[in-house]
Amino acid sequence: MLTFALVATVVVAAVVLTTRLRLLVRVTVDRRPGHVLALGFVAWFLAVPLEIESIAVAVDRWAGWGLSWPLLRLIACAGGFFTQTFYRLATSDRADPAQRARVTRLVRRSALFGVTALAAGLILFATMPHDVLFASGPNGRMITPGPVDPAAALTNLIILCYFTYTVASITSASWRWAAKADLAWLRRGLRIHTVGCVFGLLYCVHVAVYQIAEVFGVFPPWSEFEGDGSLIAMCLLPAFVGVTAPMWGPRLDGLARAARHYRHRRLLYPLWLRLSGSVVRLDPPRTEWHDRFRLWPGQQHALVYRRVIELWDGLLAVRPTMSGGTGLDDPDLARDIDWWLEIAQAAKVRPIDDVLAEYQGQL
Amino acid sequence: MGRRFGGTTTVDQVMRELRRRDFLHPDVRVVCQRLSRDRGRPLHLIPLPLRTSISGAWLGMPDADYIVYQSVGSSPLHQIHVIWHEIGHMLLPGHARTCEVDPATRDVLMKVLNALVPNLSPAVLSRILGRGGFSDQQEVEAEVFAGAAVRALGEQAPDSGHRNLTEAEAQIVDALVQELRV
C-alpha cells in the first residue's frame with residue numbers, strides 16, 4: 001500500500017513536473033516563481049524514489065556506503081528551500097522595493113541556514129558513513145530499531161532542523177493564503193496542500209522523537225521507516241494534489257459542467273423535437289441516438305445553448321403572441337435551461353399549449 | 001467595419017478580428033456602440049413586439065444601421081442571440097441583399113422603417129435581412145456567427161471576482177493562480 005502510494009506520488013510528480021517545465025521555456029516578464037517552483041518539483045520528484053526502501057538499498061549497494069541517506073536529505077532540503085522560496089516570491093508585492101528587499105533577505109537567510117545545516121550534517125556524516133543509522137535495508141536502524149550513536153542522531157537532527165523550518169514556513173504561507181484566496185480552486189488547493197504540509201511536520205516530529213528515544217535507549221515497537229514512510233506518503237500526495245489544484249480543478253469543473261449540459265440537452269430533446277419541427281434548425285441531430293452520442297465535453301455548452309435557442313425559435317413560431325421578459329440585461333443560459341426543463345417536465349403530463357399558457361410572462 | 005472586414009471570408013476570421021480589436025463585450029449594447037464608432041454611423045437597437053415568424057432584422061440605411069429584434073416572448077439570452085445574428089449579417093462579407101420575408105413581417109418592418117425614416121424609398125428594402133429561417137447559406141453563416149460570439153464571450157467570462165481582498169492581496173491571489181496552473 002505504501003509502495004503504491006509512493007509510486008502514485010511519483011507519477012503525479014512526473015506529470016506535474018512535465019507540465020511545469022513547459023513554463024520554463026516560455027518567455028514572460030517575471031517567471032522566477034514558476035522557475036523556482038519547477039525546481040522544487042524536480043527535487044520532490046527525485047526524493048520520492050529514494051524513500052522507497054528497495055531503491056535506497058540498490059543505491060547504497062552501488063556506492064558501497066550509505067549514499068542514499070545524505071542524498072535524500074540533500075534533495076529534500078533543496079525541495080523545501082525552493083518551495084519556500086516560491087511562496088515568498090509569489091506572495092509578495094514585486095512592485096514594492098521594500099517587500100522585494102525583504103524577500104531577498106529571507107531567501108538569503110534560508111539559503112544560509114540550509115547550507116550551514118547541510119554542511120554541518122554532511123561533515124558529521126562523513127566521519128561515520130557506515131554507521132548503522134545511515135544504512136538502508138534490514139541491517140539499518142530505519143528498519144530494525146536499536147541503539148544509535150548520539151553523533152549519528154545529532155547529524156540527523158541538524159539536517160532535520162532546516163527541513164522542519166522550511167516545511168513550517170511553507171505550511172504557514174499555505175494556510176494564510178488558503179484563508180485569503182477567494183478563487184475556489186486556489187483556496188481548496190492551498191487547504192489540501194496545507195494538510196500535506198502538516199503531515200510533513202508530523203514526519204519531522206516523528207524522526208526527531210524516534211532518534212532521541214533511540215539515543216536514550218527507548219525503542220518504539222514500530223520501525224522508523226514504517227512511521228516515516230506513511231507520513232511522507234501522506235505529506236507528498238496531498239501536497240502535490242493541492243498545489244496543482246488550480247491546474248486540474250477548473251478542468252474538473254469543466255467536465256462536471258459538460259456532463260450537466262449533456263444531461264439537460266438530453267432531457268430537453270423530446271420537447272425540442274415537438275417545438276422545433278416548424279423551424280429550420282442548425283446541424284440538428286439526425287436521430288435520437290445521434291443526439292445521445294454527441295459526447296465530446298468541449299461541445300456540450302454549444303449544443304445545449306443551441307437547443308435552448310431553437311426551443312425559443314420553435315416557441316415563437318407556434319405562439320407568436322407569447323409574452324415573456326423584456327430587456328437585454330442579465331442573459332443567463334442556466335436560467336433559460338431551468339425554465340425549459342420545467343416546461344418539459346410539465347409537458348409530459350399536460351398538453352403543451354396549457355403549459356405554455358401557464359408559463360407565459362415568467363422570463 | 002464592413003470595409004475593414006472586407007478581406008475576410010469566414011465566420012472564424014471575422015470572430016478573430018473582433019477579438020483582436022477588442023470588440024467583444026458581454027453586453028451586446030457595448031458591442032453595438034463600438035461597431036457604431038468604428039463604422040462611423042449610428043447603430044440603433046430597436047426592440048419591437050414583432051409577433052411574426054421573424055425574430056429580428058438588420059436594416060441597413062444609407063446613413064445608419066437599425067437592428068430590430070423581438071422584444072417580447074423570449075428571454076434576454078434569445079434576444080441577444082438574435083442581435084448577434086444580425087450583427088453577423090452586418091459584418092460577414094456579401095450578406096447585404098434581399099431577404100425573402102412573409103407579408104406580415106414585411107408589413108411590420110415597413111411600419112418600423114416608416115416610423116424611423118419617413119418617405120422611405122423601396123430600394124432601401126433591398127438591404128433588409130431578417131432572422132426567420134436558415135434556408136440559405138448566409139442565414140446559416142449568421143447563425144453560426146451568433147453561436148461563436150456567445151461562446152467566445154462565455155470563454156472570456158472570469159471565474160470570479162475578488163471579494164473582501166485588498167488590491168495587493170488580489171494581485172497576489174492572481175499571481176498564485178497564474179503560477180500554479182498551466
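From a predicted model like this one, the values you see are computed outputs, not experimental measurements.

Undergrad: For this particular structure, what's the right way to read the overall build of chain A?
TA: Each helix and strand in chain A was counted, giving 13 helices and zero strands. Sequence-ordered secondary structure for chain A, helices as α and strands as β, is α-α-α-α-α-α-α-α-α-α-α-α-α. Taking all 363 residues of chain A together, 50% fall into the buried category. Carbon and sulfur atoms make up 67% of the accessible area of chain A, which totals about 17,000 Å².

Undergrad: Explain the side chain of B:Ser36 here, please?
TA: Residue and element names in this part refer to chain B. Relative to the assigned elements, Ser 36 resides in helix α2 (residues 28–39). Given a relative accessible area of 16%, Ser 36 falls into the buried group. Not counting the four nearest positions on each side in its chain, Ser 36 is found in contact with Arg 41, Pro 42 and Leu 43.

Undergrad: I'm lost on the side chain of A:His206 in this one. Help?
TA: All names here are of chain A. The topology assignment puts His 206 in helix α7 (residues 184–215). The buried category is assigned to His 206, whose relative accessible area is 13%. Separated by 2.7 Å, the side chains of His 206 and Asp 228 make a polar contact. Residue contacts for His 206: discarding those within four places in its chain leaves Trp 222, Glu 224, Gly 227, Asp 228 and Leu 231.

Undergrad: Is there a simple way to think about α7(A) in this case?
TA: At 3.6 residues per turn, the α-helix brings residues three or four places apart onto the same side. Here α7(A) contains 32 residues, and its C-alpha end-to-end distance of 47 Å stays within 8% of the 46 Å for a straight helix at 1.5 Å per residue. Following α7(A) by one or two positions, A:Gly217 adopts a phi angle in the positive range, close to 80°.

Basis of the calculations
Starting afresh in each chain, residues are numbered from 1 along the sequence in its written order. All chains are assigned letters beginning with A, and all ligands numbers beginning with 1, in the order in which they are written. In view of the model being predicted, local features appear only for residues whose pLDDT reaches at least 70, and side-chain atom pairs are presented and counted only at 80 or more, with totals across whole chains, interfaces and linings using the full set of residues. Calculation of side-chain values draws on the structure's entire complement of heavy atoms; hydrogens and water are dropped beforehand. Working definition: helices are DSSP H or I runs of at least four residues, strands are E runs of at least two. Numbering for both runs from the N terminus. Residue burial is assigned from relative accessible area. The probe radius is 1.4 Å, only protein chains are included, and a residue is buried under 20% of its type maximum, exposed over 50%, and partly exposed in between. To measure how exposed things are, a 1.4 Å probe is used in the Shrake-Rupley method; for residues, cover is taken only from the protein chains shown. In this analysis, two residues are considered to be in contact whenever any of their non-hydrogen atoms come within 4.5 Å of each other. Polar contacts, as counted here, are pairs of nitrogen or oxygen atoms within 3.5 Å of one another; within protein the pair requires one atom able to donate a hydrogen and one able to accept it, and residues that are adjacent in sequence qualify only if both atoms are side-chain atoms. Working rule for helices: expected span equals 1.5 Å times residues minus one.

By themselves, these figures tell us nothing about what the structure is for.
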